[in-house]
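# Tertiary structure, described
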Amino acid sequence: MGGETQNKPLLRALKGEAVWPPPVWLMRQAGRYLPEFRAMREQADFITRCMTPDIAVELTLQPIRRYGMDGAILFSDILILPWAMGQDLRFEEGRGPVMTPIRSEADLARLNEGRMMEAVAPVREALRRLRVELPAETTLLGFAGSPFTVACYMVEGGSSRDFAHIRAMMQNDPALFDKLMDILIRNTAEMLCGQIEAGAEAVMLFDSWGGILPPEAFRRYVIEPTRQIVAHIRARHPDVPLIGFPRLGGVMVAEYAEKTGINALALDTVADMAKVAEMVPETVTLQGNLDPMILLNGGEALKTEARRIRDSLKGRPHVFNLGHGVIKTTPPEHVATLVETIRDV
Ligand code: CP3
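The protein chain appears in an unreviewed UniProt entry as Uroporphyrinogen decarboxylase from Bombella intestini. Its UniProt record, at the heading Function (unreviewed entry), says of the protein chain: "Catalyzes the decarboxylation of four acetate groups of uroporphyrinogen-III to yield coproporphyrinogen-III."

Next comes the structure, spelled out in structure tokens:
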């Protein structure tokens, strides 16, 4: 194992080592629950914050300074990829992301793959600076959305309750949907390779919505595209671990872990970690999965549940995390309590 990996507990765990106590970081650890994050939020809109290296670096570092997390996840968003290919994107208070939907051949033709890598150059610059500024023991994580989840936002034009448009496209115009998926598979792999070459030491694929699909469609639109992205990245960067997060994937997560080739399987709140551990190879690291609501509520229940999850995976490679992102009303001191509890063995 290289010297670089040796003093980074998160990187060791992602490479399959049962590190004890397990390393810890949290999805959405840089967020509105932190007063220093809210202070910077007034300075620029969301996309400007993602695309200005000074700001993205500062926001990424905030939770590292406060809590000494084992992982620093780049401050950015999964929707930066369609934005970088030319789809418009803005974030509205109370509504979330808003985009002009892509629903036809003509809409798809307006995407400009050629400008993607140039458009995300500031993201790579932020990663390069983070590698310099982060403590030596902190692992820097890059990420992207999975093609299916990003397609959900691109076709719906934002968040959705029923995903009616993407379901209709899959059924009525599968050739068009496949074209969109091909574009996303190619560009996601390319963008992640760029993040790795700029300093990301591991990368995570967020698949927030694959769980809406029936099994055959899950295989075709979640497992197979993820397998292709993993193969593409691994051919260029064989030592960089890949984390997959098939949120709400239920029993399909075992097949996902087996067929995609990911190194680590991130699990949502409903997953019984010990049961999933029996279903996947021992070489696959598990990441998760405290309920963000338990973190928000704090108290003894937080400590008890955090210890229960940690101890249930003792002896297996595990990365402690939440089952979904930190809720914005979470008291910051509860996060400190959580990190102390995990490290107190
Ligand atoms: O985890 C981190 O701290 C790193 C940064 C990160 C963000 N989004 C920042 C963000 C990551 C990894 C994401 C992933 C993401 N973005 C997902 C996958 C995970 C999940 O939550 O299921 C999805 C589906 C998105 C799309 C997205 N971005 C939505 C639906 C929203 C609006 C909802 C909200 O919470 O406001 C965003 C905005 C967003 N992305 C914010 C942040 C910090 C909030 C914007 C702000 O505070 O100004």
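On we go from here.
On to the side chain of Ser76, then. With respect to the helices and strands, Ser76 occurs in the loop between β1 (71-73) and α6 (80-84). Excluding its chain neighbours within four sequence positions, the residues that come into contact with Ser76 are Phe46, Cys50, Val123 and Phe143.

Attention now moves to the environment of Val253. Position of Val253 relative to the elements: it lies in helix α14 (residues 252-260). With 118 residues separating them along the chain, Val253 and Pro135 place their C-alpha atoms 33 Å apart. Every residue in contact with Val253, bar those within four places of it in the chain, is listed here: Pro246, Leu265, Leu267 and Val276.

Below, the discussion takes up the site of the ligand. Taken together, the neighbourhood of the ligand is formed by 24 residues, with Arg28, Arg32, Arg41, Asp77 and Ser208 sitting nearest. Residue Arg49 places a side-chain N or O atom 3.0 Å away from an oxygen atom belonging to the ligand. Here a nitrogen atom of the ligand sits 2.7 Å away from a polar atom, N or O, in the side chain of Asp77. Here the ligand loses 87% of its free accessible area of 880 Å² to cover by the protein chains. The set of elements that each furnish at least two residues to the shell around the ligand consists of α3 (35-41), α4 (46-51) and β3 (96-98).

A separate point is the pattern of salt bridges. Side chains that carry opposite charge are capable of pairing whenever their charged atoms lie near each other. If you walk through the whole model with that rule in mind, you get 27 salt bridges. Across the pair Glu93 and Arg32 runs a salt bridge, and its minimum N-O distance is 3.8 Å. With a gap of 61 residues between them, Glu93 in the loop between β2 (90-92) and β3 and Arg32 in the loop between α2 (9-14) and α3 connect regions that are remote in the sequence. Accessibility expressed as a relative area gives 62% for Glu93, which makes it exposed. Here Glu190 makes a salt bridge to Arg236, at a shortest N to O gap of 3.6 Å. In this pair, Glu190 sits in helix α12 (residues 174-197) while Arg236 sits in helix α13 (residues 215-236), placing the two residues 46 residues apart along the sequence. Each of Asp54, Glu125, Arg128 and Arg129 takes part in a single network of salt bridges with overlapping partners.

Cut-offs and rules
Residues numbered from 1 in each chain as written. Predicted model: local features only at pLDDT ≥ 70, side-chain atom pairs only at ≥ 80, totals over all residues. Heavy atoms only, no water. UniProt positions renumbered as here; feature names shortened; annotations may be inferred. Helix = DSSP H or I, 4+ residues; strand = E, 2+ residues; numbered from the N terminus. Contact = heavy atoms within 4.5 Å. Near = heavy atom within 4 Å. Polar contact = N/O pair within 3.5 Å; in protein donor to acceptor, adjacent residues only side chain to side chain. Areas by Shrake-Rupley, 256 points an atom, 1.4 Å probe, with all protein chains shown as cover. Salt bridge = Lys/Arg side-chain N within 4 Å of Asp/Glu carboxyl O. Buried < 20%, exposed > 50% of the residue type's maximum accessible area, 1.4 Å probe, protein only.

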